[in-house]
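Observations on chain architecture
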Amino acid sequence: MNASSLADLVVAFDVDNTLYDPDPDVYRRVVTEFLSLVDVGLAASEAFEHFGALRISGGALERIGLGNPIHDRGNPDVLAVFCLTCSSKDSLRSELGIKGERQALYRRLLDRVTALHERTRIGSFPARLGAEIEVRRFQDSSQELRAFLGEVERLAGHPLIRDWSARYEEIERKQPIARHRPVLEELVKRGATIVVISQGFYEVQREKLERLEIADLFPGRMLITDRATRLAGFDHLFGRVDDLIGEAVRSGGLDIDGELDRLWHFVSLINLWSRKTPWFYGRCLHAIRHDAVHPERALADLAWVLAERWEADPLRFVMVGDRYDKEVLPLIELLGRDVGMTLRLTQGKYGHEDPDDQLPPDRRPARTFEHWDELGAFLVHDLSAETVRPVKRPPAILPMSQVRMDLMDWALRCEYEAVRSIAQTVKQLAESKSFA
Ligand SMILES: [Mg+2]
């Protein structure tokens, strides 16, 4: 056994399908058992597929105010949408009061909202604003959407759907939990600092760690995207932008030099931290370098560290995750492949995506493991600090080429605290050697 000290090392773990639910059989088992109890009139494989496909619409469902199947598969809203869009059993439809002739319309509606929502996440910042206005216009004007939401609400309160929701949770609860604690404790014993880096809601991710009985190993060290975006004054800024989008929808057009255009630029910059982009990881690394013991607070405060300190006190960083596009590639884009270390676990349901042999050698994870036991053995016995090349230069926290410098003077004086703090950061980065 390699007993060398890891005192210099920070090891970050992804949550979903890495620490939590790494075994794809568990998901399959839970959903299959659940669907065997709730006959919606489809063949088992078809029902399984439909149920899983709702996840594609997760963000869109959340946008229209419904539960998100990505975070909560047994949510009554999700089960109501499932029945509304795909139940084909007459007795069930009549018990739930679902009109069969409306179901194709509900499916089209869901596809439409999903496609519109998708467009708000891609393209240039102005293009995303255009898509945002279009979604809002659709939400405000579509009678069909209103009727659909009314139906979901009615069904989500139906005793049968309530019962299903409870059953789903029960099946999920009785699954064996993953036992990663010994590996994590061993890392801590060898001196490493362990952190969690994940996307989603802080409270939801914390509950998962509590269920795994490992939350106490990450006190003040859960770096979650929602905390990266909720800068001081966030509500004030997003509330104003929401009002301005409402005005743009009502007036039928967008004043392209107006307040909305300017504020949208800053909202778009903040939104870059709401997903696992290279810049979100940049924020995490600065937060860790700023305060390795409690980086959570530094992340929320938009803390960053000057180039001189990175040179004097480099950071050895290891990321452990399951998805290539979320936990490997953004870090390679941020740091280059030879700095830090990415370890990939391919056990979970995304493991078959982006296999190493289809990636160029300089874009592959440092190591790939098919099973948690192999990954755990590597972490406990083989990982050594010397094999992890330290981060010596400040990682980027914003794509500076996309930042509109012409707005910064205005931004520094505006009434929105979140905008002022970004402008202040941009100005300091531009003046320091940290300008990437
Ligand atoms: Mg994951």
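Residues numbered from 1 in each chain as written. Predicted model: local features only at pLDDT ≥ 70, side-chain atom pairs only at ≥ 80, totals over all residues.

**Overview of the overall build of the chain**
Using the following cut-off: Secondary structure elements are taken from DSSP: a helix is a run of H or I of four residues or more, a strand is a run of E of two residues or more, and numbering for both begins at the N terminus. Each radius of gyration is computed over the set of C-alpha atoms, and the globule rule expresses the reference value as 2.2 Å times the number of residues to the power 0.38. Exposed residues have 12 or fewer other C-beta atoms within 10 Å of their own C-beta, buried residues have 20 or more, and residues in between are partly exposed; the C-beta atoms are placed from the backbone. Throughout, a residue-residue contact means that the two C-beta atoms, derived from backbone geometry, are no farther apart than 7 Å.
Each helix and strand in the chain was counted, giving 21 helices and 6 strands. A globule of 436 residues ought to have a C-alpha radius of gyration of about 22 Å, and the chain, at 23 Å, matches this closely. Counting only C-alpha atoms and orienting by the principal axes, one finds that the chain spans roughly 70 × 60 × 40 Å. Each of the 436 residues in the chain was classed as buried or not, and the buried ones make up 38%. For the chain, long-range pairs separated by at least 24 residues make up 72% of all intrachain contacts whose partners lie at least 6 apart in sequence.

**Quick word on the environment of V31**
Topologically, V31 is positioned in helix α1 (residues 24-37). In this structure the C-alpha to C-alpha distance between V31 and R221, which are 190 residues apart in sequence, comes to 32 Å. Not counting residues within four places of it along the chain, the set of residues in contact with V31 comprises F48 and F51.

**Things to note about the nonpolar core**
Condition: Note on definitions: a nonpolar core is a set of buried residues drawn from Ala, Val, Leu, Ile, Met, Phe, Trp, Tyr and Cys, linked by C-beta atoms within 7 Å. Boundaries between domains were set according to an automatic or database domain assignment.
A12, V196 and V318 are the most contacted members of the largest nonpolar core, which totals 82 residues. Among the elements that make up this core, the one with the highest residue count is helix α15 (residues 278-290) (7 residues). Viewed by domain, this core spans two of them, domain 1 (9-20 + 178-229 + 275-387) and domain 3 (234-273 + 398-431), each represented by three or more residues. In contact with V196, not counting residues within four places along its chain, are A12, F13, V15, L209, F218, R221, M222 and L223. Of all hydrophobic cores here, the second largest spans 27 residues; its members include F82, L109, L110 and V113.

**Topic: the pairing of strand β4 (residues 316-321)**
Regular strands show a simple pattern: their side chains alternate between the two faces of the sheet. Worth spelling out the cut-off: Strands were regarded as paired on the criterion that DSSP finds at least two bridges between them. For crossovers, right-handed means that the path from the first strand over the helix to the second runs clockwise, given strands pointing away from the viewer.
Counting buried residues in β4 gives 6 out of 6 residues, a clear majority hidden from the surface. Sheet analysis places strand β1 (residues 9-13) next to β4, joined by 5 bridges and oriented parallel. Counterpart to V10 in the pairing with β4 is F317. Relative to strand β5 (residues 341-345), β4 runs parallel, the two being bridged by 4 bridges. Looking at the pairing, V318 lines up with M341 of β5. Between β4 and its parallel partner β5, the chain crosses via helix α18 (residues 324-335), and the hand of that crossover is right-handed.

**Digging into the domain arrangement of the chain**
Assigned domains within the chain: domain 1 (9-20 + 178-229 + 275-387), domain 2 (24-173) and domain 3 (234-273 + 398-431). For domain 1 and domain 3, the distance between their C-alpha centres works out to 30 Å. Secondary-structure elements contributing two or more residues to the side of domain 1 that touches domain 3 are α12 (225-229) and α15.

**Describing the environment of L359**
Structurally, L359 can be placed in the loop between β5 and β6 (367-369). Setting aside residues up to four positions removed in sequence, L359 forms contacts with D354 and R364.

**Quick notes on the sheet that holds β4**
What counts here: Axis definition: a line fitted to C-alpha atoms, over the contacting stretch in the case of helices. Angles run 0 to 180 degrees between N-to-C directions.
Across the sheet, 6 strands lie side by side as β3-β2-β1-β4-β5-β6; this open sheet has parallel pairing. At either end of the open sheet lies a strand with only one pairing partner, and these are β3 (222-224) and β6. Averaged over all pairs of adjacent strands, the angle between their axes in this sheet comes to 20°, without regard to strand direction. Sheet analysis places β1 next to strand β2 (residues 193-198), joined by 4 bridges and oriented parallel. Looking at the pairing, A12 lines up with V195 of β2.

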